[in-house]
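Listed below are the residues making up each chain.
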Amino acid sequence: MKVALLGYGKMGKIIETTLLERGHEIVLKKTSTTTFEGLKNADVAIDFSLPSVAVANISECLTNGIPVISGTTGWLEEYPKMVSLCKEKKGAFLYGSNFSLGVNLFFQLNENLSKMMSKFNQYKVELEEIHHTQKLDAPSGTAISLAKGIIENSDYKSWTLDKNRDENQLYIDAKRIENVPGTHSIFYISDVDTIEIKHTAHNREGFALGAVIAAEWIVNKNGIFTMKDVLQLV
């Protein structure tokens, strides 16, 4: 499989190592100072770039008929446009706020638990996420995905970073601490007890492996996908 890497920061370099270990060829390493030359030779593209260039990267892939995996967060207000472009070009596009296999199982656990807890209004829900200080967006894309999973199965209408939230808002406590790859916790709190589920990433290799598995899966497919499709959780 020939792969274009769109973004060559810390995650891009770890993905590169994973790709090579699995026998794939890298035909493009796109940075802020290089062009898209080589993209048309790719079977698939993996975008782990910056919010400011993610839309341009994804658009370039879809326009050129290259399936694209995107793990860049912080640009999702433009997501519907990318979905429309993918459909127009009859392409293949998969966005994931987190490609860790464990996190995607955690997403499913979160949805299942929120459905179960929706009957018990004595519990209030809070979400905490902790990431390294270099992470630009807050809350994380993973935290937003978890919040959406709760909101879809509860009386909460939206999420907020404001501690003084309204009763129908789900509070996300976003913390930035040096050298933390990513920790996400969900708390169901009542007067008498607390139920907690938690996912802790030990390193970034798990994110890279999930992205590469998604890239291997999407080749020769058409449509809009998520990691649920890759892991057959739907």
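Predicted model, so just to flag it, every value in this text is computed and none were measured.

## Examining a nonpolar patch on the surface
Turning to step 1, where the next piece is worked out: A surface patch of nonpolar side chains, amounting to about 290 Å² of accessible area, comprises L50, V53 and L136.
Turning to step 2, where the next piece is worked out: Within the secondary structure layout, L136 lies in the loop between β6 (124–131) and α5 (141–151).
Turning to step 3, where the next piece is worked out: Using a relative accessible area of 69% as the deciding quantity, one classes L136 as exposed.

## Some words on the packing of aromatic side chains
Each aromatic ring pair is characterised by the separation of its centres together with the angle its planes make.
Turning to step 1, where the next piece is worked out: Across all of its chains, the model carries 6 aromatic pairs by this definition.
Turning to step 2, where the next piece is worked out: Relative to F99, the ring of F48 has its centre 5.9 Å away and its plane inclined at 55°; by these criteria the two rings are tilted. Of this pair, F48 sits in the loop between β3 (44–47) and α2 (51–63) while F99 sits in the loop between β5 (92–95) and α4 (101–117), and the two are 51 residues apart along the sequence.
Turning to step 3, where the next piece is worked out: Here W75 and Y79 contribute two aromatic rings whose centre-to-centre distance is 6.3 Å and whose plane-to-plane angle is 45°, an arrangement assigned as tilted.
Turning to step 4, where the next piece is worked out: Owing to a relative accessible area of 1%, W75 belongs among the buried residues under this scheme.

## A closer look at the pairing of strand β2 (residues 25–30)
Turning to step 1, where the next piece is worked out: Pairing geometry for strand β1 (residues 2–6) and β2, over 5 bridges, is parallel. Note on β2: the bridge partner recorded for V3 is I26.
Turning to step 2, where the next piece is worked out: Regarding topology, helix α1 (residues 10–21) serves as the crossover connection from β1 to the parallel β2, and that connection is right-handed.

Thresholds applied
- Every chain is numbered independently, its residues counted from 1 as its sequence is written.
- Where totals are concerned, whole chains, interfaces and linings use all residues; where local detail is concerned, this predicted model gives features only for residues with pLDDT of at least 70, and gives and counts side-chain atom pairs only at 80 or more.
- Only heavy atoms go into the side-chain values, all of them from the structure, while hydrogens and water stay out.
- Note on patches: the residues involved have over 30% relative accessible area and no salt bridge, like charges join within 9 Å, and the nonpolar side chains Val, Leu, Ile, Met, Phe, Trp and Tyr join within 5 Å.
- We get accessible surface area from the Shrake-Rupley algorithm with a probe of 1.4 Å; when it comes to residues, only the shown protein chains can shield them.
- We define a salt bridge as a contact between a side-chain nitrogen of Lys or Arg and a carboxyl oxygen of Asp or Glu at a distance within 4 Å.
- Each helix is a run of H or I in the DSSP string that is no shorter than four residues. Each strand is a run of E no shorter than two, and both are numbered from the N terminus.
- Relative accessibility thresholds used throughout: buried, under 20% of the residue-type maximum; exposed, over 50%; partly exposed, between the two (1.4 Å probe, protein chains only).
- Between rings of Phe, Tyr and Trp, where Trp is taken as its six-membered ring, a pair exists when centres lie within 6.5 Å; planes separated by under 30 degrees are stacked, by over 60 edge-to-face, and by other angles tilted.
- Between any two strands, at least two bridges found by DSSP are needed for them to pair.
- The crossover handedness rule: strands pointing away from the viewer, path from first strand over the helix to second strand clockwise, crossover right-handed.

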